[in-house]
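Listed here are the chains, written in short residue letters.
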Amino acid sequence: YMLDCKRCGNRYIGETGRMLKARLSDHRGYINNQVIALTTGDHFNLPGHSLADLQLIILEQVKKEDETYRKEREKYFINKFNTFYGGLNREM
């Protein structure tokens, strides 16, 4: 999945083996509780930013129950969208 900031265009790429709804709830909690040690909490608490600027985009639904495969696909999309150097991902 990709989280897109509608205000400034910064993006975050993530993956999850859980329901996407639960993972998105985590990110919303980081923002609402101002957890600035985590990327999305930090970014969406910047001046002029808010939870309303958060947009979720589903990039791919992986059919395999394979965490290694999901992590590889996440790295692929981080590189494709350049979110490590030009976005919100801090590690790959």
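First things first, this report covers the structure right here in the doc.

The rules behind the values
- Residues numbered from 1 in each chain as written.
- Predicted model: local features only at pLDDT ≥ 70, side-chain atom pairs only at ≥ 80, totals over all residues.
- Heavy atoms only, no water.
- Pairing = 2+ DSSP bridges.
- Helix = DSSP H or I, 4+ residues; strand = E, 2+ residues; numbered from the N terminus.
- Axes fitted to C-alpha atoms, helices over the stretch in contact; angles between N-to-C directions.
- Contact = heavy atoms within 4.5 Å.
- Expected span 1.5 Å × (residues − 1).
- Buried < 20%, exposed > 50% of the residue type's maximum accessible area, 1.4 Å probe, protein only.
- Arc of directions from axis to C-beta.
- Polar contact = N/O pair within 3.5 Å; in protein donor to acceptor, adjacent residues only side chain to side chain.

**With respect to the sheet that holds strand β1 (residues 2-5)**
Across the sheet, 3 strands lie side by side as β2-β1-β3; this open sheet has antiparallel pairing. Each edge of the open sheet is held by one strand with a lone partner, namely β2 (11-13) and β3 (54-57). Neighbouring strand axes in the sheet, compared pairwise and without regard to direction, differ in orientation by 20° on average. When β1 meets β2, the two strands line up antiparallel, connected through 3 bridges. Considered in β2, the bridge of methionine 2 is made with isoleucine 13. The sheet strands contacting helix α1 (residues 20-32) are β1, β2 and β3, and the helix crosses β3 at an angle near 160°.

**Quick word on helix α3 (residues 67-80)**
Its 14 residues place the ends of α3 20 Å apart at the C-alpha level, agreeing with the 20 Å of an ideal helix rising 1.5 Å per residue. Of all the positions in α3, only Arg70, Glu74, Phe77 and Ile78 are classed as buried. Each buried residue of α3 lies within a common arc of 105° when the element is viewed along its axis, so the set occupies one face. Those residues of α3 that are exposed and angled more than 90 degrees off the buried face are Thr68, Asn79 and Lys80. The backbone nitrogen of threonine 68 has a side-chain oxygen 3.1 Å away, supplied by the residue at the start of α3, namely aspartate 66. Immediately downstream of α3, the backbone of asparagine 82 shows phi near 50°, a positive value.

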